[in-house]
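Below are the chains, spelled out letter by letter.
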Amino acid sequence: MALPTLTPEQRKAALEVAKVARTARKEMMIALKSGQITLADVFKKAEDDLVTQKTKVSAVLKALPGIGEVRAGELMKKIDIAPSRRIRGLGDRQRRELIEAVG
């Protein structure tokens, strides 16, 4: 599938939207790492925030204090979450089990 051809104005607007999304995602990850917000807060925020919904579960888990790449992978495998899964794609059971697992 070929990418659509964008006008310079459309390209500039798309780049700005992407920049805002990256900034919001970065701020969320910093807040997670510092303990200002919890995993449950992220799931609650994802109910109406598109940027949070599109964030990968593995990235969110790795941002939590005390959880690195290996532990995040083990948790996801144990709860049966695909490595490419995004927050929006998690079921209620998976969310509940993740919250219980990370405390």
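Residues numbered from 1 in each chain as written. Predicted model: local features only at pLDDT ≥ 70, side-chain atom pairs only at ≥ 80, totals over all residues. Heavy atoms only, no water.

Some points on the overall build of the chain
A count of helices and strands for the chain gives 6 helices and 0 strands. The helix and strand sequence of the chain, counted from the amino end, reads α-α-α-α-α-α. C-alpha extents for the chain along the principal axes are approximately 45 × 30 × 25 Å. For the chain, the residues scored as buried account for 29% of the 103 residues in total. For the chain, the share of sequence-separated contacts (at least 6 apart) that also reach a separation of at least 24 residues comes to 61%. Within the structure as shown, the chain displays about 7,200 Å² of accessible surface, and the carbon and sulfur contribution to it stands at 55%. (Helix = DSSP H or I, 4+ residues; strand = E, 2+ residues; numbered from the N terminus. Buried < 20%, exposed > 50% of the residue type's maximum accessible area, 1.4 Å probe, protein only. Contact = heavy atoms within 4.5 Å. Areas by Shrake-Rupley, 256 points an atom, 1.4 Å probe, with all protein chains shown as cover.)

Overview of the nonpolar core
Residues L32, L39, V57, V60, L61 and L98 are the most contacted members of the largest nonpolar core, which totals 21 residues. Those elements giving two or more residues to this core turn out to be α1 (8–34), α2 (39–45), α4 (57–63) and α5 (69–78). A per-element tally of this core places α4 first, with 4 residues. Not counting residues up to four positions away in its chain, the partners in contact with V60 are M28, M29, L32, L39, V42, T55 and I87. (Core = buried A, V, L, I, M, F, W, Y, C linked by side-chain atoms within 4.5 Å.)

A few points about the pattern of salt bridges
Using the criterion set out here, one finds 1 salt bridge in the structure. A salt bridge links R93 to E97; its shortest N-O distance comes to 3.0 Å. Taken as a pair, R93 and E97 lie in helix α6 (residues 92–102) at a separation of 4 residues, close to a single helical turn. The partly exposed category is assigned to E97, whose relative accessible area is 28%. (Salt bridge = Lys/Arg side-chain N within 4 Å of Asp/Glu carboxyl O.)

Let's talk about the UniProt feature "domain: Integration host factor-like helix-two turn-helix" (unreviewed entry) in the chain
Feature annotation in UniProt places "domain: Integration host factor-like helix-two turn-helix" (unreviewed entry) on residues 32–100, given in this structure's numbering. Helix and strand shares over residues 32–100 are 58% and 0% respectively, and the end C-alpha atoms of the span are 16 Å apart. (UniProt positions renumbered as here; feature names shortened; annotations may be inferred.)

Re α6
For α6, the full list of buried residues reads Q94, R95 and L98. Down the axis of α6, the sector holding all buried residues measures 100 degrees, keeping them to one side. Residues D92 and E100 are exposed on α6 and point more than 90 degrees away from its buried face. Among the structural elements, α2 and α4 are those in contact with the buried residues of α6. Downstream of α6 by one or two residues, G103 has phi in the positive range, about 80 degrees. (Arc of directions from axis to C-beta.)

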